[in-house]
Amino acid sequence: MNKYLKGCLIALSICIFFIGLIVGWFWWSMETSHKRAEEDGIKYSKECDTITTITEKPSITLGQFRKMKLLN
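All of these numbers come straight from a predicted model, not from anything done at the bench. (Residues numbered from 1 in each chain as written. Predicted model: local features only at pLDDT ≥ 70, side-chain atom pairs only at ≥ 80, totals over all residues. Heavy atoms only, no water.)

Trainee: How do you make sense of the overall build of the protein chain when you look at a structure like this?
Mentor: A tally of regular secondary structure across the protein chain gives two helices and zero strands. For the protein chain, the accessible surface area stands at approximately 7,700 Å², while carbon and sulfur atoms represent 66% of it. (Helix = DSSP H or I, 4+ residues; strand = E, 2+ residues; numbered from the N terminus. Areas by Shrake-Rupley, 256 points an atom, 1.4 Å probe, with all protein chains shown as cover.)

Structure follows, in structure tokens:
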């Protein structure tokens, strides 16, 4: 086999290997992130289900109203 062809095939296989590593790492990262999000959703859903009363006093403000608009 020609030594230039052999060198090109080795370089191409190394490039394909590194591209595969990058794609694999990205896929693994997405999968673990998705699993973690599902676990957090279950955990926080159970935590929210245990709350029966709201003890805080929420403040409600209406902004950008003028006295003339309220009288009409």
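Trainee: I would appreciate a short explanation of the packing of aromatic side chains in the present structure.
Mentor: Given two aromatic rings, their pairing is described by the distance between the two centres and the angle made by the two planes. Applying the stated criterion to the full structure yields one aromatic pair. A ring pair is formed by F17 and F18, whose centres lie 5.7 Å apart and whose planes are at 65 degrees; its orientation type is edge-to-face. (Phe/Tyr/Trp six-rings, centres within 6.5 Å; stacked < 30°, edge-to-face > 60°.)

Trainee: What exactly am I supposed to notice about a nonpolar patch on the surface here?
Mentor: On the surface, I10, I14, F17, F18 and L21 cluster together to form a nonpolar patch covering roughly 490 Å² of accessible area. Judged by its relative accessible area of 44%, L21 is partly exposed. (Patch = residues over 30% accessible without salt bridge, like charges linked within 9 Å, V, L, I, M, F, W, Y side chains within 5 Å. Salt bridge = Lys/Arg side-chain N within 4 Å of Asp/Glu carboxyl O. Buried < 20%, exposed > 50% of the residue type's maximum accessible area, 1.4 Å probe, protein only.)

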